[in-house]
Amino acid sequence: MAAASKRDFYEVLGVDRSATAEEIKGAFRKLAMQYHPDRNKAADATERFKEVGEAYEILSDPEKRARYDQYGPNADFGPSRGFEGFDFGGFGDIFDAFFGGRGASRGPIRGDDLRLRQELKFEEAVFGVEKEIRVSRLEDCTVCGGAGHEPGQPPEACPQCQGSGEVRRVQRSVFGQFVNVSACDRCAGEGSIVTHPCGNCGGLGRERRNRRLQVKVPGGVDNGSQMRLSGEGDAGQRGGPRGNLYVDFRVRPHDLFERDGDDLRVTMPITVAQAALGTAVEVPTLDDPAEELEIPAGTQAGSVFRIRKRGVPHLRGRSRGDLLVGVDVQVPTKLSAAQRDLFEQLDGVLDEATRSNGRGFFSRIKDAFGA
């Protein structure tokens, strides 16, 4: 770019001519990140990056800035130093993204979490149970104890990085030189090399083993309930803690009972006569004994009665839900001649007040069957 065609350096950095040194530095940091060719693939990114570097080089130096303000870009500014000497300070994270990281972390690594599904019987989910579960997980190697090398054969310092876990490479450009710090590719940032891997685990430090665990399932769990077993997941690495084991529950349906939150529902069949005259019935419960329920006279089909505290125990409490008893009035589908005669007599003697829309009881029974 010819000197006469250069843009004003203040314009390049987007600052006023009265900008402070900190404002100039901040503008440069922002633009350097925006236009660096490793991050910006636009066709003019390289030229813009060079332009930003040149502008900062002049305006960040008090003497060169004064000469620029007096004579413009054609003044003699001495040899260019590009980015050399610039104090990146907290800008290091950005330049790590440009030129590579600072090596891999060699601290402890937490083990992975595991998840499995456990099926429960309906009664087990309602009242709780102790179950044995089987889990396949990674554990510290029984031979090397997780170290990954044969006992008595410790790792050696990596000859490529001399044990630092990092390699530094100098990159030179028209702006000076950059130091690229990255994880050593020979030791993967560990700083050491295992020369005698453990024969049992192949140097991984962990081996897969099957375990049986006794789990106390609390009463009240349902489909979708989850239990966390802390520290029962995969073993960590380099002394890291174990992961957790999460158990998801699936509950088998019951032949008689249905669950409605913390309540249980059951359907009780009764005859037409029992519904009309009233009766006492034995209602089965999930935990025995049966409960006696009084069915009042005139009970209609679909009526629901509540028996307190015979439902599901609250998962986080001492109380429990209720048992909801739905009444199913069983209307006979076939009648003998004698039975039909009795129903017709009953229909004829029923008080007019018990009839619906002028139709008798037997007529309503026939309507129920579509007769």
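Every value quoted in this text rests on a predicted model; they were computed, and no experiment measured them. The residue numbers shown here count from 1 along each chain, following its written sequence. Local features are withheld for residues below a pLDDT of 70 in this predicted model, meaning they are given only at 70 or higher, and side-chain atom pairs are given and counted only at 80 or more; totals for whole chains, interfaces and linings count all residues. Processing note: side-chain calculations cover all non-hydrogen atoms of the structure and skip hydrogens and water entirely.

Novice: A description of the sheet that holds strand β15 (residues 323–330) should follow, citing residues and the corresponding values.
Specialist: Strands qualify as paired when DSSP identifies two bridges or more between them. Here a helix means four or more residues in a row that DSSP labels H or I, a strand means two or more in a row labelled E, and each is numbered from the N terminus. Taken in spatial order, the 4 strands line up as β10-β11-β15-β14 in an open sheet, and their pairing is mixed. Looking at the sheet topology across the chains shown, the edges are occupied by β10 (258–260) and β14 (304–307). Taking each pair of neighbouring strands and ignoring which way they run, the sheet shows an average axis angle of 35°. Where β10 lies against strand β11 (residues 263–271), 3 bridges are found, and the strand directions are antiparallel. Paired with D260 across the bridge in β11 is D263. Fitted lines through C-alpha atoms serve as axes, helices being fitted only where they are in contact, and the angles separating the N-to-C directions of these axes extend from 0 to 180 degrees.

Novice: Pulling in residues and values, what's your account of the packing of aromatic side chains?
Specialist: Pairs were defined over the aromatic rings of Phe, Tyr and Trp, the Trp ring being its six-membered one, requiring ring centres within 6.5 Å. Orientation was assigned from the angle between planes: stacked under 30 degrees, edge-to-face over 60, tilted for the rest. For the structure shown, the criterion picks out 3 aromatic pairs. Note on Y10 and Y68: the rings are 6.1 Å apart at their centroids and 55° apart in plane angle, and the pair reads as tilted. You can see Y10 sitting in helix α1 (residues 9–13) and its partner Y68 sitting in helix α4 (residues 62–71), a full 58 residues away along the chain. Arranged with centres 4.4 Å apart and planes meeting at 20°, the rings of F28 and Y56 form a pair that is stacked. Placement of F28 in helix α2 (residues 21–35) and of Y56 in helix α3 (residues 45–59) is noted, with a sequence separation of 28 residues between them. Three labels apply to residues, based on accessible area from a 1.4 Å probe with only protein chains included: buried if under 20% of the type maximum, exposed if over 50%, partly exposed otherwise in between. Looking at F28, the relative accessible area reads 0%, which means it is buried. Every member of this aromatic cluster is reached through a ring pair, and the members are F9, Y10 and Y68.

Novice: Tell me what's going on with the pattern of salt bridges, and back it up with residues and numbers.
Specialist: Any Lys or Arg side-chain nitrogen located within 4 Å of an Asp or Glu carboxyl oxygen qualifies as a salt bridge. All told, the structure shown has 28 salt bridges when counted by the stated rule. Close ionic contact of R250 with E119 constitutes a salt bridge, the shortest N to O distance being 2.5 Å. Separated by 131 residues along the polypeptide, R250 in strand β9 (residues 245–251) and E119 in strand β1 (residues 114–120) bring together distant segments of the chain. According to the relative accessible area criterion, R250 is partly exposed, its value standing at 37%. Judged by its relative accessible area of 33%, E119 is partly exposed. The residue R320 makes a salt bridge to D287 at a minimum N-O spacing of 3.2 Å. Placement of R320 in the loop between β14 and β15 and of D287 in the loop between β12 (279–283) and β13 (291–295) is noted, with a sequence separation of 33 residues between them. Residue classification places D287 among the partly exposed positions, given a relative accessible area of 31%. A single network of salt bridges, built from pairs that share partners, joins R137, E139, R209, R211 and E232.

Novice: Outline the nonpolar core, supporting the account with residue identities and numerical values.
Specialist: We define the nonpolar core as a collection of buried residues of types Ala, Val, Leu, Ile, Met, Phe, Trp, Tyr and Cys that are connected through side-chain atoms lying within 4.5 Å of one another. Grouped together as the largest cluster of nonpolar side chains are 37 residues, with contacts concentrated most on L245, V247, V283, L323 and V325. In terms of nonpolar packing, the next biggest core, distinct from the first, is built from 19 residues, V12, I24, A55 and Y68 among them.

Novice: Before we move on, could you go through the side chain of E207 and cite the residues and values that matter?
Specialist: Here E207 shows up in strand β7 (residues 206–217). The buried charged residue E207 lacks any salt bridge partner; its closest oppositely charged side chain belongs to R209, at an N-O distance of 4.9 Å. What qualifies as a polar contact is a pair of N or O atoms within 3.5 Å, subject to a donor-acceptor requirement within protein and to the restriction that residues adjacent in sequence count only when both atoms come from side chains. Polar side-chain contacts of E207 include one of 3.3 Å to the side chain of N200. Contact definition: two residues touch when any of their heavy atoms are within 4.5 Å. The residues contacting E207, other than those within four sequence positions of it, are R137, L138, E139, D140, C141, T142 and N200. Counting rule for charge: Lys and Arg are taken as positive, Asp and Glu as negative, and neither His nor the chain ends is counted.

Novice: Account for the confidence of the model for the protein chain, with residues named and values stated.
Specialist: When pLDDT is averaged across the protein chain, the result is 82; 81% of the residues are at 70 or more. The score called pLDDT rates the predictor's confidence residue by residue, from a low of 0 to a high of 100. Across the protein chain, element-level confidence peaks in β14 with a mean pLDDT of 97 and bottoms out in helix α5 (residues 92–99) with 42. For the stretch residues 81–104, pLDDT sits under 50, and the model shows 56 contacts to residues farther than four places along the chain or on other chains.

Novice: How would you sum up the pairing of strand β8 (residues 226–229)? Please name residues and give values.
Specialist: Only one face of β8 is covered, namely the face carrying M227 and L229; the face carrying Q226 and R228 is uncovered. As paired strands, β8 and β9 are joined by 4 bridges and run antiparallel to one another. Paired with R228 across the two strands is Y246, which belongs to β9.

Novice: Describe unusual backbone geometry, naming the residues involved and giving the relevant values.
Specialist: A cis amide bond links D288 to the next residue, P289, at an omega of 0°. You can see P289 is positioned in the loop between β12 and β13. For Q162, which is not a glycine, the phi torsion comes out positive at approximately 55°. Topologically, Q162 is positioned in the loop between β3 (156–157) and β4 (166–173). The exposure class of Q162 is exposed, given its relative accessible area of 60%. Positive phi outside glycine occurs at K309, with the angle close to 60°. With respect to the helices, strands and loops of the structure, K309 is situated in the loop between β14 and β15.

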